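Reading the structure
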Amino acid sequence: MADADLADLDAFAAVARARSFRGAAAVRGVSPSSLSEAVRRLEARLGVRLLNRTTRSVTPTEAGARLLERLAPALGEVAAALDAINSVRDSPTGTLRLNVPTIVARLVLPPIACAFLARHPGVTLEVVAEDSFIDVLAAGFDAGVRYDERLEQDMIAVPIGPRRQRYAAAAAPSYLAQHGVPGHPRDLLAHACIRHRFPSGVALPWEFERDGEVVRISPKGPLVASVMDLEIAAAEAGLGVITSFEAALAPALARGTLVPVLADWWQSFSGPFLYYAGRDHLPAPLRAFVAFLRERARSGADEGFPVIPGRGEAANPESSGDP
């Protein structure tokens, strides 16, 4: 162990936690081959195999699991010792790695990330946007962003972005002029609808709520996609009714290429949270980001999200969608 390089030990720990050379490499911003070489070098020095590798998975051997168990706290102490230097700086330095849902990366994070990086030029922000729910800490991220129903236990949650959001429904004026305006969510079962499918393969039912009544439907339509831009373009082209985050549809509604549908049934929900493991020594970039988010929350800086034209009013298929 005396001649085992600390960087090789760190590389092994990253791969063992992520259970993937490719996944660990993506988080660390290096090539999978460099991590593979580091692990091979460490195994040669120790004279024992640490990882079982197949085309489908990477798992620690018994020896690897024992090493990881003892190594993880030691590497954490080293990181904390190095990060302590950051506490005497006017502005922290280092890398902050976040795992966030795609919708958050698109609609919530841009103004927050830009303002944070402008204030802390020594920080590098690495963001991975995906809609699968992973163990962000095991994958090597400092923190994740999730909605409340997806928050993990024993984690600290800090509000990020708007505290209330809504799921909106809309359609092109030409579509509504031809097919009529639905007056109730169940009317959508007779309409063409544009659906969103998540990477897991799930296409969630559409949910509406008014005066305590909740209606869930699974409509049909000409397009099912996992790309929001494609879905919105299809709705603007008059192919059917779309539901999505209110802020995502706001530009099209402001242009008048889409108009609100069933606006008094739009369901609201709480905004997202940044979550991270509670520990005594947070990395300086994460500590600075948490403080920045709390400052924004106190100032109300994230409540000025797009306002949907015609909110709360029945859509007129002949109108442009302007208020």
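Now for a description of the structure that goes with this document.

Considering the pattern of salt bridges
- With the rule as written, the count across this model stands at 13 salt bridges.
- Of the charged contacts in the structure, one is a salt bridge between Arg-41 and Glu-37, with a shortest N-O distance of 3.9 Å. One end of the pair, Arg-41, and the other, Glu-37, are both in helix 3 (residues 32–46), four residues apart, so they sit about a helical turn from each other.
- The class for Arg-41 is partly exposed, based on a relative accessible area of 33%.
- Put simply, Arg-119 and Glu-295 hold a salt bridge, and the shortest N to O gap is 2.9 Å. Residue Arg-119 is found in helix 6 (residues 109–119), and its partner Glu-295 is found in helix 10 (residues 284–299); the two are separated by 176 residues along the sequence.
- We classify Glu-295 as partly exposed; its relative accessible area is 35%.
- Shared partners join several salt bridges into a network, and the residues in it are Asp-8, Glu-37, Arg-40, Arg-41 and Arg-45.

Things to note about the packing of aromatic side chains
- As enumerated under the stated definition, the model contains six aromatic pairs in all.
- Ring geometry for Phe-116 versus Phe-289: centroids 4.9 Å apart, planes at 75 degrees, classification edge-to-face. You can see Phe-116 sitting in helix 6 and its partner Phe-289 sitting in helix 10, a full 173 residues away along the chain.
- Accessibility expressed as a relative area gives 0% for Phe-116, which makes it buried.
- Measuring from ring centre to ring centre gives 5.6 Å for Tyr-167 and Phe-245, while their planes differ by 75 degrees; the resulting arrangement is edge-to-face. Of the two residues, Tyr-167 sits in strand 7 (residues 164–171) while Phe-245 sits in strand 12 (residues 241–245), which places them 78 residues apart along the sequence.
- The aromatic ring of Phe-273 is capped on one face by Arg-163, whose charged end is 4.7 Å from the ring centroid.

A look at the sheet that holds strand 6 (residues 155–159)
- On the basis of which strands lie adjacent, the open sheet formed by five strands has the order 4-3-5-15-6 and mixed pairing. Each having just a single partner strand, strand 4 (123–129) and strand 6 make up the two edges of the open sheet. Averaged over neighbouring strand pairs, the angle between their axes works out to 25 degrees when direction is ignored.
- For strand 6 and strand 15 (residues 273–277), the ladder comprises five bridges, and the chain directions are antiparallel. Note that in strand 15 the partner of Met-155 across the bridge is Ala-277.
- The strands touched by helix 6 within the sheet are strand 3 (94–100) and strand 4, with strand 4 carrying the most contacts at an inclination of about 165 degrees.

Reading guide: rules and limits
- Per chain, residue numbering runs from 1 following the sequence as it is written.
- Local features are withheld for residues below a pLDDT of 70 in this predicted model, meaning they are given only at 70 or higher, and side-chain atom pairs are given and counted only at 80 or more; totals for whole chains, interfaces and linings count all residues.
- Calculation of side-chain values draws on the structure's entire complement of heavy atoms; hydrogens and water are dropped beforehand.
- Salt bridges are identified by distance alone: a Lys or Arg side-chain nitrogen within 4 Å of an Asp or Glu carboxyl oxygen.
- Secondary structure elements are defined from DSSP: runs of H or I of at least 4 residues count as helices, runs of E of at least 2 residues count as strands, and each element is numbered from the N terminus.
- Exposed residues in this analysis have more than 50% of their type's maximum accessible area, buried residues have under 20%, and partly exposed residues fall in between, with area computed by a 1.4 Å probe over protein chains only.
- Aromatic pairing here means that ring centres of Phe, Tyr or Trp (its six-membered ring) are within 6.5 Å. Orientation follows from the plane angle: under 30 degrees is stacked, over 60 is edge-to-face, and everything else is tilted.
- Either the NZ atom of lysine or the CZ atom of arginine qualifies as a charge over a ring when it sits within 6 Å of the ring centre and within 35 degrees of the ring normal.
- Strand pairing follows a simple DSSP-based rule, namely that at least 2 bridges must link the two strands.
- Axis geometry follows a simple rule: fit a line to the C-alpha atoms, using only the stretch in contact for helices, then measure angles between N-to-C directions, giving values from 0 to 180 degrees.
- The contact criterion used throughout is that any non-hydrogen atoms of two residues lie within 4.5 Å.

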